[in-house]
Amino acid sequence: MAREPVITPRPPCRLYLITPPTISDPAAFARDLEAALDAGDVAALQIRLKGADDATVLATVAALRPVAQARGVAVILNDRPDLAAPSGCDGVHLGQSDASVAEARSLMGRDAMIGVTCHDSRELAMEAAEAGADYVAFGAFFPTATKATAHRPDPEILTIWQETVEIPCVAIGGITAATAGGLARAGADFVAVSAAVWNHPGGPGAAVRELAAALAPTA
C-alpha cells in the first residue's frame, strides 16, 4: 500500500525588524533595540541606513550587532555586502539595483543569509531564488513613510509563492500590528516592520508585544 505523503506544517510567521533610515546616536538606539528584542520573538534585524557613509554604517553595526546576535537574532545589512562581511553581519539584503546574489555570495561566503527585494514580481523572485537567494521580499503592501515605493502587491502573491516555492518570503511596507496577521495568514514567512515599532507611542517593547500577538498562530 502506498504511503500517504507527509505534509510538514509551515513554521509560524516571524518578525523581521528594520532600523529607522537614520540613527543619530547608535548607543542610545541600542537601548531601544534591547527593549524590542527582549519583548518577543524576532528573527532578524536589518540595518538600513540609506545614504550614510561607510564609517557611519560600520559604527552603527558595531553598536547594534552584538545586541542582536547575543539574542539569537540574525543581523542583515542593507545594500552593502562589502561592508556586511568584514563587520560580522550574518547576511545582506539586496535591492534590484544593488550587487547581484552571486557577487554577494562571493564576498560573504556560502553560509551568509542573502535576501532580495522583488517588489510585486514573482518573476524577479524566481530569478532571485534560482540565483541562490535565501529569501525574497515582496512589498510595499501598504503606504509607508520609511521609503518611497512604486509597487503595491496583492497579498495573494504570498499565497502563490508559499504554494509553489520553498525559499521563504518576507512581506514589507507599512505593516502594523493591525495588518501583520493578515499577511501571515496569506503566506508570509516573515513580516518586516520599521516605523510601527520605533514610532510606537508605548515604545518598541510594546510594539513588539502587539506584533507577537498578531502573529501568534490561531487554532
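Residues numbered from 1 in each chain as written. Predicted model: local features only at pLDDT ≥ 70, side-chain atom pairs only at ≥ 80, totals over all residues. Heavy atoms only, no water.

Undergrad: Can you lay out the overall build of the chain for me, pointing to particular residues and giving the numbers?
TA: Looking only at helices and strands, the chain features nine helices and eight strands. Scaling as 2.2 N^0.38, a compact globule of 219 residues should have a C-alpha radius of gyration of about 17 Å, and the chain matches this with 17 Å. When its C-alpha atoms are laid out on the principal axes, the chain stretches across 60 × 40 × 35 Å. Considering the chain as a whole, with its 219 residues, one finds that 45% of them fall into the buried category. Of the roughly 10,800 Å² that the chain leaves accessible, carbon and sulfur atoms contribute 53%. Separation between the mean location of the 16 positive side-chain charges and that of the 25 negative ones in the chain comes to 4 Å. (Helix = DSSP H or I, 4+ residues; strand = E, 2+ residues; numbered from the N terminus. Rg over C-alpha atoms; globule rule 2.2 N^0.38 Å. Buried < 20%, exposed > 50% of the residue type's maximum accessible area, 1.4 Å probe, protein only. Areas by Shrake-Rupley, 256 points an atom, 1.4 Å probe, with all protein chains shown as cover. Lys, Arg positive; Asp, Glu negative; His and termini not counted. Charge placed at Lys NZ, Arg CZ, Asp CG, Glu CD.)

Undergrad: Give me unusual backbone geometry: which residues, what numbers.
TA: A cis amide bond, omega 10°, links Gly139 with the succeeding residue Ala140. Phi angles above zero are rare outside glycine, and Asp79 is one such case at about 75°. On the secondary structure map, Asp79 appears in the loop between strand S3 (74–78) and helix H3 (81–84). With phi around 55°, His119 is a residue other than glycine that occupies positive phi space.

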